[in-house]
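The residues making up each chain are set out below.
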Amino acid sequence: MSTKIQTLSGYYHEYQKSVLQPEEFWTRVADTFHWKKRWDKTLEWDFEGPDVKWFVNGKLNITENILDRHLFTKGDDTAIIWEPNEPNEPHLEITYRELYERVCQFSNAMKAKGIGKGDRVIIYMPMVPEAAVAMLACARIGAVHSVVFAGFSSTSLADRINDCQAKAVLTSDGNFRGAKKIPVKAVVDEALESCESIETVFVLKRTDTDVTMTEGRDVWWHEAVDGQSTDCKAEEMDSEDMLFILYTSGSTGKPKGVVHTCGGYMIYTYYSFMNVFQYNQGDIYWCTADVGWITGHSYIVYGPLLAGATTVMFEGVPTYPNPSRFWEVVDKFKVNQFYTAPTAIRALQAYGLEPVEKYSLESLKVIGSVGEPINEEAWHWYHDHIGKGNCPLVDTWWQTETGGIMISAIAGVTPNKPAHASLPLPGIQPIIVDAEGKELTGNNVEGSLCVKFPWPSILRTTYGDHERCKQTYFSTYPGLYFTGDGAKRDHDGYIRILGRVDDVINVSGHRMGTAEVENAINEHPKVVESAVVGYPHDVKGQGIYAYAICDMEGRTEENLIQEIKQTVRNIIGPIATPDKVQVVSGLPKTRSGKIMRRILRKVAEGDISNLGDTSTLLNPEIVDELTKHINK
Ligand code: PRX
């Protein structure tokens, strides 16, 4: 039975059903999957705990639904098309049967090293097919994967390994990224100096970079799989067993491990993928994200492969060797659905139309956006020049914690409106609340975005710290899941996401906690105190602006700024590097000692016309110093 929505009235009908009878609604979707044992109860929930269980006591293995189920019907169909960083290196097409065999072989290789159900495994790899194989192999044997974006520093990697007490790391000798070759294994070695739990490191040969292999701990991937059987029994998993942990930044200094479980995540990523992108069998689908982020998990690997789709994995970057790279790949594989981030669109828009016009892009049927608000200018450029004005543009709002797309147009079915995520998918009950948590009904309202009913892929906890999960998401407005985003429902009833209302900034679609960056800056021995805010950035959406009070002895300001940037790169990774650092003698503080971030944001934006009342500051004179450079 198809669960694909094809008409606008069909959408309203399904939505209504999903709200009035959520259990029946999701049962119908879940029944299209293979379960080792059917569940006893569809849903148990309580947002106070929080305690959410979907498909209670159901037994399954997600890889049986991705691999085994498709072997007879589509064993020879392409599961993954892999496009390497260098355009002249041959691409790879991996069928469902080959993927099954690779996953089983690597599952057996991990089992041979004593890795099994419940063990945590870190994946710190480039965008190569083995990264998807690694995720699926973990899922096959019941190990819990935690993918760490390979641009994170050794310190960030070590923090994540230690937080989840991982038993193994899967990595490569190096990564290709545009014109650069990054020595990834060396980063892992450095991280492991402060990690005791790791017993095995699997190293994939990718760049032929020289590496040091630690005896008894490090094994080459190709040697580990050599001679392993191409069959491996899928571990029986409970619906609520952990599938993966993915670390994400929040308003506190330490990233948290968002936990997703097997059953609900499987149902929702499949359902949302099929519907939002209107995928048809035989279509070629491409999401340009990295598997290090939730988008890569849900919409490169799990959602598409559960649907038996052909998913493109791209190792490179949009501008290497030239800014036509994306469009060349679209034409090369005749991509039908293309899903990328506004930051990539803005970066490519800056090169003008010449790189686009060399390619026909006529295969495209649907284009999508994710990760941050898409401004109207970028929306129109993407819609007009990439979608040629006739592809629905789905602006998909969701989060690491939501597991799947929550608010988005359904391509060609529900209307898309520039810069609006638009309508909730069936099963999703978003509400907008005021500061007291009162629901704002009707149209033309603005407030905090919450969700009032569970959906199958909602996060279950934050690893090792359930209280933190409760505090962060379920305490601000009791009885509701709080997203951390502000939103507006416009006069037509469409939702527009206004951005974060907490101390999280969104840099090129990547979440960064201001406190996390401040902690890193404070590690510099000359820094006394710092404060970080976001500011509008033409390409990245938001840039990172850091204010630092420093002991200047023996340093020029210029040196210090460079050193502070380098410190952040070393501690978190290049994605967190502040765009601007301003050395200051003080920070605007209230009499109770709280930093007035509102003023810092205004100064960072270069807008000092309306700083508000500064007379309540403990140190009002500091405002002149902060704004001096703007008047210059
Ligand atoms: O602020 C929202 C923004 O990204 C945040 C989630 O970040 P992350 O967990 O890293 O997941 C990114 C990929 C799903 C949200 O709280 N965000 C994501 N998508 C959109 C968005 N903001 C506006 N429009 C979107 N389509």
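Residues numbered from 1 in each chain as written. Predicted model: local features only at pLDDT ≥ 70, side-chain atom pairs only at ≥ 80, totals over all residues. Heavy atoms only, no water.

1. Digging into the overall build of the protein chain
Check the secondary structure of the protein chain and you find 19 helices and 30 strands. Its C-alpha radius of gyration of 24 Å places the protein chain within 12% of the 26 Å reference for a compact globule of 632 residues. For the protein chain, the spread of C-alpha atoms along the three principal axes comes to 75 × 60 × 55 Å. Put simply, the protein chain has 632 residues, and 63% of those count as buried. In the protein chain, once contacts between residues fewer than 6 apart in sequence are set aside, the share between residues at least 24 apart is 71%. For the protein chain, the exposed area adds up to about 23500 Å²; of that, 47% sits on carbon and sulfur atoms. For the protein chain, the separation between the mean place of its 63 positive charges and that of its 83 negative charges on side chains is 2 Å. (Helix = DSSP H or I, 4+ residues; strand = E, 2+ residues; numbered from the N terminus. Rg over C-alpha atoms; globule rule 2.2 N^0.38 Å. Buried < 20%, exposed > 50% of the residue type's maximum accessible area, 1.4 Å probe, protein only. Contact = heavy atoms within 4.5 Å. Areas by Shrake-Rupley, 256 points an atom, 1.4 Å probe, with all protein chains shown as cover. Lys, Arg positive; Asp, Glu negative; His and termini not counted. Charge placed at Lys NZ, Arg CZ, Asp CG, Glu CD.)

2. Digging into the side chain of S408
As for its position among the elements, S408 is in the loop between strand 20 (393-396) and strand 21 (430-433). A relative accessible area of 1% means that S408 is categorised as buried. Excluding residues that lie within four positions of it along the chain, S408 makes contacts with V276, V394, D395, T396, T414, A421, S422, L423 and L425.

3. With respect to the pattern of salt bridges
Close approach of charged atoms allows side chains of opposite charge to pair. This model, assessed by the stated rule, comprises 40 salt bridges. Note that D189 and R217 form a salt bridge whose closest N and O atoms lie 3.0 Å from each other. A residue pair is termed long-range when its members are at least 10 positions apart, and D189 in helix 7 (residues 184-192) and R217 in the loop between strand 11 (200-204) and strand 12 (218-220) qualify at 28 residues. An identical accessibility class is assigned to D189 and R217; each is buried. One salt-bridge network, held together by shared partners, links E83, R325, E328 and K332. (Salt bridge = Lys/Arg side-chain N within 4 Å of Asp/Glu carboxyl O.)

4. Things to note about the side chain of H524
By the element assignment, H524 lies in the loop between helix 16 (514-522) and strand 28 (527-537). On the basis of relative accessible area, H524 is assigned to the buried category, the value being 5%. A polar contact of 2.7 Å, which involves the side chain of H524, links it to the side chain of E563. Apart from the residues within four sequence positions on either side, H524 is in contact with R555, L560, E563, I564 and T567. (Polar contact = N/O pair within 3.5 Å; in protein donor to acceptor, adjacent residues only side chain to side chain.)

5. Description of the sheet that holds strand 4 (residues 78-83)
The mixed open sheet is built from seven strands, whose spatial order is 5-4-17-16-18-19-20. In this open sheet, the two strands that pair with only one neighbour each are strand 5 (92-95) and strand 20. Going from strand to strand, the sheet's axes swing by 20° on average, the running direction of each strand aside. Both strand 16 (residues 284-287) and strand 18 (residues 337-340) contribute to a ladder of three bridges, which runs parallel. Paired with C287 across the two strands is Y339, which belongs to strand 18. Against the sheet, helix 4 (residues 96-112) contacts strand 4 and strand 5, and its axis sits at roughly 85° relative to strand 5. (Pairing = 2+ DSSP bridges. Axes fitted to C-alpha atoms, helices over the stretch in contact; angles between N-to-C directions.)

6. Focus on helix 1 (residues 8-20)
Over its 13 residues, helix 1 runs 18 Å from end to end, which matches the ideal 18 Å to within 8%, given 1.5 Å per residue. G10, Y11, E14, Y15 and S18 are the residues of helix 1 that are buried. Around the axis of helix 1, the buried residues are gathered within 130° of arc, so they sit on the same side. Exposed residues pointing more than 90 degrees away from the buried face of helix 1 are listed as S9 and L20. (Expected span 1.5 Å × (residues − 1). Arc of directions from axis to C-beta.)

7. Digging into unusual backbone geometry
With an omega dihedral of -10°, the bond running from G49 to P50 counts as a cis peptide bond. If you trace the backbone, P50 turns up in the loop between strand 1 (41-46) and strand 2 (51-56). With an omega of -5°, the peptide bond between Y320 and P321 qualifies as cis. Looking at the secondary structure, you find P321 in the loop between strand 17 (310-314) and helix 11 (325-333).

8. Regarding the environment of D119
Tracing the sequence through the fold places D119 in the loop between helix 4 and strand 6 (120-124). For D119, a relative accessible area of 17% corresponds to the buried category. C-alpha separation for the pair D119 and A168, spaced 49 residues apart in sequence, amounts to 8.6 Å. At 3.2 Å, the side chain of D119 and the side chain of K167 are in polar contact.

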